[in-house]
Amino acid sequence: MFIYTVKANSLKFIAVILAAVAILVTVALLSESSEILTTDAIAAETKDINYDKIKTEEDRKKFLSQFGWEIEDKEIESVKVKLPGEFDKIMTEYNELQKSQGLDLFKYKGREVERYTYKISNYPDYSGTVYANIIIYRNRVIGGDICSSDISGFIHGFSHSNSNAE
């Protein structure tokens, strides 16, 4: 006879792994179907976007409004996180998403950054909950995404043009 016990920590670990796999699958599907942009195309698309001097809540709201997003009054979450010193497959895929919008988390490996999460109120043609995540290091946006809260949802860069959810 074989008996196996599951502790609460094991369940949390499994839940985190399942969520990470779901994000990885979503990013992989998005990267397969999205067009490949050259560095010049990314620069042209983001040339008027201000990523610097993001110090206050108002600055973060203004940053997201550059992409046409309307958000609720206050962030849902504000946390300090340390980027891993070595990127695993999931972080590498997430960084590919960042590179597709002209950003790169690679040079911030091992650094403590701030992540702010907002609820978007004007996402087109989608009735579920959508969040904007902004990753900031020393008052500069270094990464982030727009994502749904559904397990089979979506994730893409800040721009509407990066959206495959429609």
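Treat the numbers as computed from the prediction; the structure is a model and nothing was measured. (Residues numbered from 1 in each chain as written. Predicted model: local features only at pLDDT ≥ 70, side-chain atom pairs only at ≥ 80, totals over all residues. Heavy atoms only, no water.)

### A word on the overall build of the protein chain
Point 1. Assigned secondary structure in the protein chain consists of four helices and five strands.
Point 2. Counting from the amino terminus, helix and strand elements in the protein chain follow one another as α-α-α-β-α-β-β-β-β.
Point 3. Split into buried and exposed, the 166 residues of the protein chain put 36% on the buried side.
Point 4. Counting contacts in the protein chain only where the partners sit at least 6 residues apart, residues at least 24 apart contribute 59% of the total.
Point 5. Carbon and sulfur atoms make up 53% of the accessible area of the protein chain, which totals about 10,500 Å². (Helix = DSSP H or I, 4+ residues; strand = E, 2+ residues; numbered from the N terminus. Buried < 20%, exposed > 50% of the residue type's maximum accessible area, 1.4 Å probe, protein only. Contact = heavy atoms within 4.5 Å. Areas by Shrake-Rupley, 256 points an atom, 1.4 Å probe, with all protein chains shown as cover.)

### Quick look at the confidence of the model for the protein chain
Point 1. With 68% of its residues at a pLDDT of at least 70, the protein chain reaches an overall mean of 81.
Point 2. No element of the protein chain has a lower mean pLDDT than helix α2 (residues 39-46), at 44, and none a higher one than strand β3 (residues 130-137), at 98.
Point 3. Predicted confidence for residues 33-44 stays below pLDDT 50, and this span has nine contacts to residues more than four positions away or in other chains. (pLDDT = per-residue confidence, 0-100.)

### Considerations on the sheet that holds β3
Point 1. Reading across the sheet, the five strands line up as β1-β2-β3-β4-β5 and stay open at both edges, with antiparallel pairing between neighbours. At either end of the open sheet lies a strand with only one pairing partner, and these are β1 (77-82) and β5 (155-156).
Point 2. Pairing analysis gives eight bridges linking β3 to strand β4 (residues 140-148), with the strands arranged antiparallel. Paired with A132 across the two strands is I146, which belongs to β4.
Point 3. Here helix α3 (residues 57-65) sits on the sheet and contacts β2 (112-120), β3 and β4; the angle it forms with β3, its principal contact strand, is near 120°. (Pairing = 2+ DSSP bridges. Axes fitted to C-alpha atoms, helices over the stretch in contact; angles between N-to-C directions.)

### Here's the deal with the pairing of β3
Point 1. Most of β3 sits inside the fold, with seven of its eight residues counted as buried.
Point 2. Hairpin connection between β3 and β4: a loop of two residues separates the two successive antiparallel strands, and R138 in this loop has a positive phi of roughly 50°.

### Details of unusual backbone geometry
Point 1. For K53, which is not glycine, the phi torsion reads 60° and is therefore positive.
Point 2. Looking at the element boundaries, K53 is found in the loop between α2 and α3.
Point 3. You can call K53 exposed: its relative accessible area is 66%.
Point 4. Phi at D125 takes a positive value of approximately 55°, unusual for a residue other than glycine.
Point 5. You can see D125 is positioned in the loop between β2 and β3.
Point 6. On the basis of relative accessibility, which here comes to 67%, the residue D125 falls in the exposed class.

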